[in-house]
Amino acid sequence: MGLAKRIIPCLDVDNGRVVKGVNFVGIRDAGDPVEIARRYNEQGADEITFLDITASHEGRETTVHTVEQIAEQVFIPLTVGGGIRSVDDIRTMLNAGADKVSINTAAIHNPELVRQASQRFGAQCIVVAIDAKRVADVDGQPRWEIFTHGGRKPTGIDAVAWAVRMAELGAGEILLTSMDRDGTKNGFELGVTRAITDAVDIPVIASGGVGNLQHLVDGILLGGADAVLAASIFHFAEYTVPEAKAYMAECGIEVRL
Amino acid sequence: MAVIDYGMGNLHSVASALAHVGAERVVVTHDVEQIRAADRVVFPGVGAIRDCMAEIRRLRCDELLQVALTEQHKPVLAICVGMQALMSHSEENGGVDCLNVIPGTVRHFGQPLHDVEGQRLKVPHMGWSEVRRVSEHPLWSGIPDATRFYFVHSYYVTAADRSLVAGSVDYGVCADAALARDNLFATQFHPEKSHTAGLQLLRNFIHWTPSC
């Protein structure tokens, strides 16, 4: 038996509450992050990702406190992302109890941050988040570009080339979100998932668009992802983590049961 | 109980997991007196080995560890880079001499890495892998053979004395997942992040009375 494919429930947290939007708009309240994290820990989730979407300074302090509370009660890896801009921000989150931090926009503005962070804290705790959106094909080949600001602002950066560069700079893992699919429940964008998993030697987490359990299976078997991340299907109790794992196991995927 | 803090990474998760399974008065410290006074010592570690070794030596944690191990005969649990630091030498950062508490090497997984079926394996080895029991040990109590633990590492340990291997893991190569000698137990995986099985191992550690 080899390495299990991971299921990672994701908490999008705004001012201390778990929320879930569709394509980053139309926010819906899903509850208390500490309680929800504890529930996923008990259900046998393999990791938990906490994305802080708070913009205010006060909200950031709430986030640190919430991360501390989760880390006291949850004994599986915890990744924290959202608004991480500096080595100090990373240190704050690691000290609060995060095992990994996810860097997104700051890596685009300052790719050296990824190198510095990786050298200081180790590649194992540096996740680079990539928000990719399909753009016009080039020579009949599909192409995906990095977008910022919740998918509104193009950067002109090719998503696959960016993933390769981030791995070279010392990222330990890629969290790939398809902006075309996020919140749609239509399944992962498998084209970009496959392109990036084939291009890098570090693990890739597929994210954005999970609406049913077959989507999780497709992300792994067709997209080649090492882990699958989902939010609303778990938050609103459409499926439990054990149901998801049982289905994946039936489809021949190695999971931790 | 003392968790040795040499300034690298997050040690709260180790301390809170120990407290969760019933350890009393867990201190995260590099204070000589506190570590000397502790009845058990945890030697964790994350990050790159060169910086780890530099801090371990600067804060004289190497001497404290030796005292705990060979003079005071206290139970010691080393985790992840803490385990790697116990070996003779690591390939990481261009080659770094380690503490040589347990003779052996720390090597990079190497790329491309494949499993027995020819599937490509990613590095770091990140996630839940089955640990094969190589020897019986009180710290395995209540944990079935081939239980999955959480690993995250790019370098792997091979002890020179194979009789010290308590558990192994397959990830393209056969790596030492746990080593045991007298009052020392070391794991490459993170028990504090390995859910129920990891907490059981930590519970076993706080109740362990080595026979040496």
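In this text the structure is predicted, and so the values were computed from the model without any measurement. (Residues numbered from 1 in each chain as written. Chains lettered and ligands numbered in written order. Predicted model: local features only at pLDDT ≥ 70, side-chain atom pairs only at ≥ 80, totals over all residues. Heavy atoms only, no water.)

**Some remarks on the environment of B:Ala38**
Residues and elements named next belong to chain B.
Consideration 1: Tracing the sequence through the fold places Ala38 in the loop between helix H2 (32-37) and strand E3 (41-43).
Consideration 2: You can call Ala38 buried: its relative accessible area is 8%.
Consideration 3: C-alpha separation for the pair Ala38 and Lys74, spaced 36 residues apart in sequence, amounts to 8.6 Å.
Consideration 4: Leaving out residues up to four positions away in the same chain, Ala38 has contacts with Met1, Ala2 and Lys74. (Helix = DSSP H or I, 4+ residues; strand = E, 2+ residues; numbered from the N terminus. Buried < 20%, exposed > 50% of the residue type's maximum accessible area, 1.4 Å probe, protein only. Contact = heavy atoms within 4.5 Å.)

**Topic: the packing of aromatic side chains**
Residue and element names in this part refer to chain B.
Consideration 1: Evaluated as defined, the whole model comprises 11 aromatic pairs over all chains.
Consideration 2: A centroid spacing of 4.1 Å and a plane angle of 25 degrees characterise the contact between Phe149 and Phe189, whose relative ring orientation is stacked. Here Phe149, found in strand E11 (residues 147-153), pairs with Phe189, found in the loop between strand E15 (184-187) and helix H6 (195-206); they are 40 residues apart in sequence, far enough to count as distant. Across the pair, Phe189 and Phe149 agree in class, each one buried.
Consideration 3: For the pair Phe205 and Trp208, a centre-to-centre distance of 6.3 Å together with 50 degrees between the ring planes defines the contact as tilted.
Consideration 4: Overall, Phe205 belongs to the buried group, its relative accessible area being 0%.
Consideration 5: For Trp208, a relative accessible area of 5% translates into the label buried.
Consideration 6: Three or more aromatic residues joined by ring pairs make a cluster, and in this case those are Trp140, Phe149, Phe151, Phe185 and Phe189. (Phe/Tyr/Trp six-rings, centres within 6.5 Å; stacked < 30°, edge-to-face > 60°.)

**Observations regarding the nonpolar core**
Consideration 1: Ranked by internal contacts, the top residues of the largest apolar core, which has 79 residues, are B:Phe43 and B:Phe185.
Consideration 2: With 6 residues, the top contributor of residues to this core is H6(B).
Consideration 3: For B:Phe43, the residues in contact, after removing those within four places along its chain, are B:Ile4, B:Tyr6, B:Ile56, B:Leu65, B:Leu77, B:Ala78, B:Ile79, B:Gly82, B:Ala85, B:Leu86 and B:Leu99.
Consideration 4: If you look at the next biggest cluster of nonpolar residues, it comprises 77 residues, including A:Ala107, A:Val160, A:Phe234 and A:Val241. (Core = buried A, V, L, I, M, F, W, Y, C linked by side-chain atoms within 4.5 Å.)

**Remarks on the confidence of the model for chain B**
Consideration 1: This prediction gives chain B a mean pLDDT of 94; 99% of its residues lie at or above 70.
Consideration 2: This complex was scored by the predictor with a pTM of 0.94 and an ipTM of 0.92. (pLDDT = per-residue confidence, 0-100.)

**Some thoughts on the interface of chain A and chain B**
Consideration 1: Every contact between the two is made by 40 residues of chain A and, on the other side, 32 residues of chain B.
Consideration 2: For the pair chain A and chain B, the summed buried surface comes to about 2800 Å²; carbon and sulfur atoms form 52% of the total.
Consideration 3: Summed over the three residues of chain A that lose the most area to chain B, namely A:Leu3, A:Phe75 and A:Asp201, the buried surface amounts to 27% of that side.
Consideration 4: Here chain A and chain B share 4 salt bridges between them.
Consideration 5: Ionic pairing is found between A:Asp99 and B:Lys193, a salt bridge with its closest N-O pair at 2.8 Å.
Consideration 6: Along the contact surface separating chain A from chain B lie 18 residue pairs in polar contact (both at pLDDT 80 or more).
Consideration 7: Mapped onto the side of chain A that touches chain B, the elements with two or more residues apiece are helix H1 (33-43), helix H2 (57-73), helix H3 (87-96), helix H5 (112-121) and helix H7 (190-199) of chain A.
Consideration 8: Per-element accounting of the side of chain A that touches chain B gives the leading share, 3 residues, to H5(A).
Consideration 9: Here the side of chain A that touches chain B is composed, by residue class, of 16 nonpolar, 10 polar and 14 charged. (Buried area = accessible area lost by both parts, 1.4 Å probe. Salt bridge = Lys/Arg side-chain N within 4 Å of Asp/Glu carboxyl O. Polar contact = N/O pair within 3.5 Å; in protein donor to acceptor, adjacent residues only side chain to side chain. Nonpolar A, V, L, I, M, F, W, Y, C, P; charged D, E, K, R; others polar.)

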